[in-house]
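One-letter residues, chain by chain:
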Protein chains: 2
Amino acid sequence: MSGGRAGEFELIERFRRLLPRPPREIVIGPGDDCAAVAVEPDRLLLLTCDALVEGRHFTRGTLDAEALGRRLAAVNLSDIAAMGGEPRHAVLSLVLPPDAAEAWAEGLVRGAAAELGDFGAWLVGGNLASTAGGIVVDLTLCGAVERKRVLRRSGARVGDVLLVTGQLGASAIGQRLLATGNRTLAERYPDAVSAHLRPRPRVREGRAIALAGGATAMIDVSDGLASDLLHLCHESGVGAEIEIAALPIASATREAARELGLSVEPLVLGGGEDYELLLTAPEAAADALGRRVRETTGTPLTRVGRITEAAAGASWLDAAGRRSPLTASGWDHFRAEGQRGS
Amino acid sequence: MSGGRAGEFELIERFRRLLPRPPREIVIGPGDDCAAVAVEPDRLLLLTCDALVEGRHFTRGTLDAEALGRRLAAVNLSDIAAMGGEPRHAVLSLVLPPDAAEAWAEGLVRGAAAELGDFGAWLVGGNLASTAGGIVVDLTLCGAVERKRVLRRSGARVGDVLLVTGQLGASAIGQRLLATGNRTLAERYPDAVSAHLRPRPRVREGRAIALAGGATAMIDVSDGLASDLLHLCHESGVGAEIEIAALPIASATREAARELGLSVEPLVLGGGEDYELLLTAPEAAADALGRRVRETTGTPLTRVGRITEAAAGASWLDAAGRRSPLTASGWDHFRAEGQRGS
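Quantities reported herein were computed from a predicted structural model and do not represent experimental measurements.

Considering the overall build of chain A
Part 1: For chain A, the helix and strand inventory stands at 12 helices and 13 strands.
Part 2: Relative to its length of 342 residues, chain A is compact, with a C-alpha radius of gyration of 20 Å against a globular reference of 20 Å.
Part 3: C-alpha atoms of chain A, sized along the principal axes, occupy 55 × 55 × 40 Å.
Part 4: Buried positions account for 59% of the 342 residues belonging to chain A.
Part 5: Here the contacts in chain A between residues at least 6 apart in sequence split such that 79% fall between residues at least 24 apart.
Part 6: Looking at chain A as shown, the accessible area adds up to about 13,200 Å², and 48% of this sits on carbon and sulfur atoms.

Structure follows, in structure tokens:
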């Protein structure tokens, strides 16, 4: 099962124990970005689903239907990307109250289909149900990956380098720019605003990483770097340390944060919906992998830390090299630490 | 897209036009019980999803979590059955309010996994999201079927016999027995009550029908015989007539209906959640097909009508041979006709 919202992780752990021992064809069950099933000898069928809930993930006022459809597709595409797979076919489940206009539903379908189409995937079917409550849209996406190339959360090894694709924090800052209601301000930071309104899943990068070889584990950064790194550590049975000063944050993102009176780093650690990929690779393979991915996709890989013994736990190092423990509720923790330190 | 709830059919027709022309590997897109994709040369990947919504499809008071999990799996298994396929792998999306206890979620997962397991399928992953509204549970099920054996809604031909598996009406009567609150009465009709509380998808029968050969089209009876037959007629470009006197209704179901002062037939036509399979076959093949399915599964196939020219529309014949048009809102219509006729 994907994600790591509050309480979800614990519940998934319980579900794993509830389910009967799966047959051997189920190569990856609950607990990774996607489930993976061996339906052909050399290839795995990847399966993932993610839902967006009105009032929790969106309101009809702030995100139009087409943008929401794109986001719904993007969060699922990101899970396929995190396994190194190619997205293929999706089904869409719409749960709509009577006051959701048909034009709204059409916009959602159009947006989801367009985002899937941008990455070579297709909406092939779905279901429509009515509700007296709010809108729920749920997409299930199938993909494929070569069995020998699949990247799990569980493959990280002590000494591996921690790498991240692209740049972090723009979406979180974009969200806060929009929340000010100050349009002139928001318009000065179009990259941050669009990172929030229209996250782009790293499908090509995930695929390039899988094809390049060398990576040992991968997860998408959907819940915040701290929480997703902790998932990777848990599944791999390792610890990790992150260097805050190494986080790739665009100068425009930093500038917007300054204008807002915010620090970007706590937002990156504790939330942010960056939809970048976090991966591990042995020191000896990391540079070649980074070059290869940059050549193929134009996207940089940045070293942000390393994998340590499980006993060392997970921690972050500030610019002065001071170490603090990393927790899934990293945001409050980091902020508290940051305030104390500053 | 599956199903035929009010307004859904029209919306699906619109969605079909919204989506770009699919690549050739998508053999069946929206509009059948499942989508079907050619991922291997001779086999199709089947994809279907169905959601159950609190307040609309269930209330926490009337159906326990495990029974709801079984039902959620069953409605999806029924869609795979209607294509002649084998169910394989499922992902489950849970949207839960804070007041849904963890034990409730566990019961749901356990029920869904058990029902899937009864038919050789596995829950491999899922997602958990929170909501301020009611519970929504959505399951996506993948299956497989040989390309040459897949049974679509669109294959019925003029002159074909209309056949139905098993017996009809028990679930609708079971629901009404429970609604009386009269426990002694309900306990006298355990088959009807269990048909309602725990519908059994006709996975083995669907598979036997596909393997036997001879059937030309198939759909599952989830929305009522009238509505589902009209879908089949629409997709096949044909008309149909149903003989009301031929509907297979168990004597216990009739007896319970009598006690309740109800007619079973309108309930069968206009609703009922029978989860039987409705199929068509050429006259010359129908008897052999029926024998074969009965031998393999123990379940009878009953002739309930025949396929006619599209121009003749869809109609039903009463015991005296009087003909009336069949409409998707068949229930009220039938009742009105029945009252006028009696």
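There's plenty left to go through after this.
Section: the nonpolar core
Part 1: Formed by 59 residues in total, the largest nonpolar core has its most connected members in A:Leu94, A:Leu116, A:Leu123, A:Leu139, A:Ile209 and A:Leu289.
Part 2: Beyond its immediate sequence surroundings of up to four residues, A:Leu123 is in contact with A:Ala90, A:Val91, A:Leu92, A:Val109, A:Ala113, A:Leu116, A:Leu139 and B:Leu19.
Part 3: In this structure, B:Ala90, B:Leu92, B:Leu123 and B:Ala215 belong to the second largest nonpolar core, which totals 58 residues.

What to know about the interface of chain A and chain B
By convention, interface size is frequently given as the accessible area that disappears when the constituent parts associate.
Part 1: Listed as interface residues are 57 residues of chain A and, on the opposing side, 57 residues of chain B.
Part 2: Both faces combined, the contact of chain A with chain B buries some 4,900 Å², and carbon together with sulfur accounts for 70% of it.
Part 3: At the boundary of chain A and chain B, one finds 0 salt bridges.
Part 4: Across the contact surface, chain A and chain B share 9 residue pairs in polar contact (both at pLDDT 80 or more).
Part 5: Counting residues per element, the ones that place at least two in the side of chain A that touches chain B are α1 (8–18), β1 (26–28), β2 (35–38), β3 (43–53), β4 (86–96), α3 (102–118), β5 (122–130) and β6 (136–146) of chain A.
Part 6: Here the element with the most residues in the side of chain A that touches chain B is β5(A); it accounts for 9 residues.
Part 7: Looking at the side of chain A that touches chain B residue by residue, the class counts come to 33 nonpolar, 11 polar and 13 charged.

Topic: the environment of B:Asn182
All names here are of chain B.
Part 1: Mapped onto the elements of the fold, Asn 182 is located in the loop between α4 (170–179) and α5 (183–187).
Part 2: For the pair Asn 182 and His 57, spaced 125 residues apart in sequence, the C-alpha separation works out to 22 Å.
Part 3: A polar atom in the side chain of Asn 182 sits 3.0 Å from the backbone nitrogen of Leu 185.

Observations concerning the sheet that holds strand β12 (residues 314–317) of chain B
Strand pairing in a sheet is mediated by backbone hydrogen bonds. Such pairs are either parallel or antiparallel.
Residues and elements named next belong to chain B.
Part 1: Pairing in this open sheet of 7 strands is mixed, and the strands run β8-β10-β7-β11-β9-β12-β13 from one edge to the other. Strands at the two margins of the open sheet, each flanked by one partner only, are β8 (217–221) and β13 (323–325). Strand after strand, the sheet turns through a mean of 30° between neighbouring axes, direction not considered.
Part 2: Sheet topology places strand β9 (residues 239–243) next to strand β11 (residues 301–308); 4 bridges connect them, and they run antiparallel. Paired with Glu 241 across the strands is Arg 306, a residue of β11.
Part 3: Here helix α7 (residues 203–212) sits on the sheet and contacts β7 (161–165), β8, β10 (276–281) and β11; the angle it forms with β10, its principal contact strand, is near 15°.
Part 4: Along the sheet face, helix α8 (residues 225–236) touches β7, β8, β9, β10, β11 and β12 and points at about 155° away from the line of β8.

Observations concerning the pattern of salt bridges
Pairs may arise between side chains of opposite charge once their charged atoms sit close together.
Part 1: Counted according to the given criterion, the structure contains 50 salt bridges over all chains.
Part 2: One salt bridge in this structure joins B:Arg43 and B:Glu86, with 3.7 Å as the shortest N-O distance. Of the two residues, B:Arg43 sits in strand β3 (residues 43–53) while B:Glu86 sits in strand β4 (residues 86–96), which places them 43 residues apart along the sequence.
Part 3: Between B:Arg322 and B:Asp318 there is a salt bridge whose closest N-O contact spans 2.8 Å.
Part 4: Salt bridges here are not isolated pairs; linked through shared partners, they connect A:Arg70, A:Glu115, A:Asp118, A:Arg198 and A:Arg200.

Observations regarding the packing of aromatic side chains
All names here are of chain A.
Part 1: Under the criterion given, the structure shown has 2 aromatic pairs over all chains.
Part 2: Residues Phe 58 and Trp 104 carry aromatic rings whose centres are separated by 6.4 Å and whose planes lie at 20° to one another, so their mutual orientation is stacked. Residue Phe 58 is located in the loop between β3 and α2 (65–81), and its partner Trp 104 is located in helix α3; the two are separated by 46 residues in the primary sequence. Pair check on accessibility: Phe 58 and Trp 104 agree, each one buried.

Here's the deal with the relation of the copies chain A and chain B
Part 1: For the pair chain A and chain B, the relating rotation is 180°, the translation along its axis is 0.0 Å, and the fit reaches an RMSD of 0.0 Å. These values place the two chain copies in the arrangement generated by a two-fold rotation axis. Identified as the residue of chain A closest to the rotation axis by C-alpha distance is A:Gly133, at 2.8 Å.
Part 2: In this assembly the copies share their binding face: 100% of the residues contributing to the interface of chain A also contribute to that of chain B.

Regarding the packing of helix α4 (residues 170–179) of chain A against helix α6 (residues 190–197) of chain A
Residues and elements named next belong to chain A.
Part 1: One way to put it is that α4 packs onto α6 with a least axis distance of 7 Å and a crossing angle of 100°. On the basis of the axis angle, α4 is roughly perpendicular to α6. Residues Ala 170, Ser 171, Ile 173, Gly 174, Gln 175, Leu 177 and Leu 178 of α4 form the contact with α6, whose participating residues are Ala 192, Val 193, Ala 195, His 196 and Leu 197.
Part 2: Residue composition of the contact of α4 with α6, by class: 8 nonpolar, 4 polar and no charged.

Considerations on the sheet that holds strand β2 (residues 35–38) of chain B
Residues and elements named next belong to chain B.
Part 1: With mixed pairing, 6 strands are arranged side by side in an open sheet as β1-β2-β3-β6-β4-β5. Each edge of the open sheet carries a strand with a single partner, namely β1 (26–28) and β5 (122–130). With direction set aside, neighbouring strand axes in the sheet form an average angle of 20°.
Part 2: Relative to β3, β2 is paired through 4 bridges, and the arrangement is antiparallel. For Val 37, the partnering residue across the bridge sits in β3 and is Leu 45.
Part 3: Packed onto the sheet, helix α3 (residues 102–118) meets β4, β5 and β6 (136–146) and runs at close to 170° relative to β4.

Things to note about helix α11 (residues 283–297) of chain B
All names here are of chain B.
Part 1: The terminal C-alpha atoms of α11, which comprises 15 residues, lie 22 Å apart, in line with the 21 Å expected from a rise of 1.5 Å per residue.
Part 2: Buried within α11 are the following residues: Ala 285, Ala 286, Leu 289, Gly 290 and Val 293. Each buried residue of α11 lies within a common arc of 135° when the element is viewed along its axis, so the set occupies one face. Turned more than 90 degrees off the buried face of α11, the exposed positions are Ala 284, Arg 291 and Glu 295.
Part 3: Contacts made by the buried residues of α11 are with β7, α7, β10 and β11.
Part 4: In the stretch just after α11, Gly 298 is the one whose phi turns positive, near 80°.

The rules behind each value
Residues numbered from 1 in each chain as written. Chains lettered and ligands numbered in written order. Predicted model: local features only at pLDDT ≥ 70, side-chain atom pairs only at ≥ 80, totals over all residues. Heavy atoms only, no water. Helix = DSSP H or I, 4+ residues; strand = E, 2+ residues; numbered from the N terminus. Rg over C-alpha atoms; globule rule 2.2 N^0.38 Å. Buried < 20%, exposed > 50% of the residue type's maximum accessible area, 1.4 Å probe, protein only. Contact = heavy atoms within 4.5 Å. Areas by Shrake-Rupley, 256 points an atom, 1.4 Å probe, with all protein chains shown as cover. Core = buried A, V, L, I, M, F, W, Y, C linked by side-chain atoms within 4.5 Å. Buried area = accessible area lost by both parts, 1.4 Å probe. Salt bridge = Lys/Arg side-chain N within 4 Å of Asp/Glu carboxyl O. Polar contact = N/O pair within 3.5 Å; in protein donor to acceptor, adjacent residues only side chain to side chain. Nonpolar A, V, L, I, M, F, W, Y, C, P; charged D, E, K, R; others polar. Pairing = 2+ DSSP bridges. Axes fitted to C-alpha atoms, helices over the stretch in contact; angles between N-to-C directions. Phe/Tyr/Trp six-rings, centres within 6.5 Å; stacked < 30°, edge-to-face > 60°. Least-squares fit on C-alpha atoms with pLDDT ≥ 70 in both. Parallel < 35°, antiparallel > 145°, perpendicular 65-115°, else oblique. Expected span 1.5 Å × (residues − 1). Arc of directions from axis to C-beta.

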